[in-house]
Amino acid sequence: MIKKESVLPSIFDLHVHTNRGSADSGLDPEDMFQEAKRIGLTGIMVAEHEGWAKYDFEKFSDSHDLVLIRGLEVYTPLGHVIAIGLEKQVTGFHGGIEQVELLRKEIDDVGGFLILAHPFRFFFDLQGVYSQNILFRDTQNFPDTAEEASKHPVFPLMDSIEVVNGGNIDTENRFAQEVAEVLGISGTGGSDAHSLQGLGKGSTYFDEDIRNEYDLIEALRSNASIPMDGFHTGNPSPYSSKRLDLNNEIFKING
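Residues numbered from 1 in each chain as written. Predicted model: local features only at pLDDT ≥ 70, side-chain atom pairs only at ≥ 80, totals over all residues. Heavy atoms only, no water.

1. Observations regarding the nonpolar core
Core analysis: the biggest nonpolar cluster contains 30 residues, and L116, F120, V154, F155, M158 and V179 have the highest contact counts within it. In terms of residues, this core owes the most to one element, helix α5 (residues 170–183), which gives 4 residues. (Core = buried A, V, L, I, M, F, W, Y, C linked by side-chain atoms within 4.5 Å. Buried < 20%, exposed > 50% of the residue type's maximum accessible area, 1.4 Å probe, protein only. Helix = DSSP H or I, 4+ residues; strand = E, 2+ residues; numbered from the N terminus.)

Quick look at the structure:
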């Protein structure tokens with residue numbers, strides 16, 4: 001009998017901004033790389049606002065022993081969407097659901113993947129009085145439960161949603177987890193870091209070896225990811241009902 005070689009899991013921060021493609025970021029890619037190696041990440045997706053030029057990105061990626069994936073945080077009237085596979089912004093802040101439908105068509109044409117970023121940011125601020133949440137602005141028709149929130153028309157147009165965002169408060173992330181479970185998806189985790197501070201705070205666990213964009217998209221489509229908080233401090237907390245042996249699995253990487 002041939003003994004099957006064990007595969008180490010992968011830990012990705014799926015939402016990082018650098019100064020190569022995001023004007024509001026002060027994070028230098030070299031500093032990002034060094035910090036990612038220090039805390040034990042196996043990969044990062046840079047989801048730039050303006051985009052990181054492909055040639056420059058590939059040159060940087062090829063010279064560093066960390067799996068780097070190039071994404072784009074796309075602007076839509078219904079929030080920011082992390083797109084894997086797009087080269088440029090294709091929508092904007094104006095309009096409605098039809099803009100997200102256009103984005104869906106564009107991503108389908110390139111075989112990419114869409115993740116709705118921080119969907120419940122500000123959701124709990126002055127609830128019932130005033131709302132800055134981009135999905136639910138009408139306080140007279142505010143969802144009371146994750147079941148109600150999951151019926152928003154944006155969710156069927158997404159492949160996944162960001163469950164753990166390092167810039168959100170815990171209640172916002174936990175509500176995203178509840179909605180993801182209603183939708184039957186695992187969700188993702190990312191720090192939304194614009195500096196070294198908090199890199200890896202939000203992360204995503206995969207029980208397989210991810211080496212490139214294709215591997216990442218396939219792993220996400222298999223719905224086997226587990227969003228986590230706190231990986232950067234050595235105390236990862238999974239946002240999932242799935243059982244995960246943190247000591248035996250994750251710390252094979254950073255222990």
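So much for the structure itself; the text now carries on.
2. Quick word on helix α2 (residues 54–62)
Of all the residues in α2, the buried ones are F57, F60 and S61. Projection of α2 onto a plane perpendicular to its axis shows the buried side chains occupying an angular sector of 100°, all on one side. Exposed and oriented more than 90 degrees from the buried face of α2 are Y55, K59 and D62. Contacts from the buried residues of α2 go to α1 (29–39), β2 (43–48) and β3 (67–76). (Arc of directions from axis to C-beta. Contact = heavy atoms within 4.5 Å.)

3. Here's the deal with the sheet that holds strand β8 (residues 202–206)
If you walk across this open sheet you meet the 10 strands as β7-β6-β5-β4-β3-β2-β1-β8-β9-β10, and the pairing is mixed. The open sheet has two edge strands, β7 (188–190) and β10 (237–238), and neither has a second partner. By the bridge criterion, 2 bridges tie strand β5 (residues 113–116) to strand β6 (residues 160–165) in an arrangement that is parallel. Across the sheet, L116 pairs through a bridge with I161, a residue of β6. (Pairing = 2+ DSSP bridges.)

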